[in-house]
Amino acid sequence: MLAQVDLRQAIHYVWYIVIAGLIFSLLWWLIGYCEIPAPFAKVARVVLAILAVMVLIGVLLSLAGVPIVRY
C-alpha cells in the first residue's frame, strides 16, 4: 500500500530542504574561509555534517508520515 502525499506538503518540504542546504553550504564555506586550525575545523565540519544528515532524515521521515519534530 502506497502512502498518499499532499503535493503542497511535498513542495513545502522541497523548499525546506533547499533552504537548509543553502544554510549548511554557507556554514561549510565559512568554516573554510575563516581558516580555523586543522583539528577544530575538522570537528566543526563533522558536527555540521551530522546536523545536516539529521535535518534531512527528519524531513524525509516527516514526509513519510512519521514526524520526529512537530512544527
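Everything that follows concerns the structure shown earlier in this document.
Since this is a predicted model, take the numbers as computed values, not measurements. (Residues numbered from 1 in each chain as written. Predicted model: local features only at pLDDT ≥ 70, side-chain atom pairs only at ≥ 80, totals over all residues. Heavy atoms only, no water.)

Describe the overall build of the chain, with residues and values.
Along the chain, the regular secondary structure elements total two helices and zero strands. The C-alpha atoms of the chain give a radius of gyration of 15 Å, which is well past the 11 Å a tight globule of 71 residues would have. Expressed as a percentage of the 71 residues in the chain, the buried residues total 14%. Summed over its atoms, the accessible surface of the chain is roughly 6,000 Å², and 75% of this surface lies on carbon and sulfur atoms. (Helix = DSSP H or I, 4+ residues; strand = E, 2+ residues; numbered from the N terminus. Rg over C-alpha atoms; globule rule 2.2 N^0.38 Å. Buried < 20%, exposed > 50% of the residue type's maximum accessible area, 1.4 Å probe, protein only. Areas by Shrake-Rupley, 256 points an atom, 1.4 Å probe, with all protein chains shown as cover.)

Which residues make up unusual backbone geometry, and what are the values?
In this model, E35 sits at a positive phi of 55°, which is unusual for a non-glycine residue. For E35, the location among the structural elements is in the loop between α1 (7-33) and α2 (38-64).

How would you summarise the environment of A64 if you had to cite specific residues and measurements?
With respect to the helices and strands, A64 occurs in helix α2. Owing to a relative accessible area of 54%, A64 belongs among the exposed residues under this scheme. Measuring from C-alpha to C-alpha, the distance between A64 and Q4 comes to 8.9 Å, with 60 residues separating the pair along the chain.

Talk me through α1; I want residue IDs and the actual numbers.
Given a rise of 1.5 Å per residue, 27 residues ought to cover 39 Å, and the 39 Å separating the end C-alpha atoms of α1 matches this to within 8%. Residues of α1 that are buried include every one of A10, Y13, A20, F24 and I31, and no others. One or two positions beyond α1, positive phi appears at E35, with a value near 55°. (Expected span 1.5 Å × (residues − 1).)

Give a description of the packing of aromatic side chains that names residues and reports values.
Going through the model one piece at a time under the given rule, you end up with one aromatic pair. Here the aromatic rings of W29 and Y33 are separated by 4.9 Å at their centres, their planes lie at 20°, and the arrangement is stacked. Here the residue W29 and the residue Y33 both occupy positions in helix α1, the gap between them amounting to four residues, near one helical turn. Exposure class is identical for W29 and Y33. Each is exposed. (Phe/Tyr/Trp six-rings, centres within 6.5 Å; stacked < 30°, edge-to-face > 60°.)

Which residues make up the environment of G21, and what are the values?
Mapped onto the secondary structure, G21 falls in helix α1. Judged by its relative accessible area of 37%, G21 is partly exposed. Considered as a pair, G21 and V53 are 32 residues apart in the sequence and their alpha carbons are 10 Å apart.

Taken by themselves, the reported measurements are silent on function.
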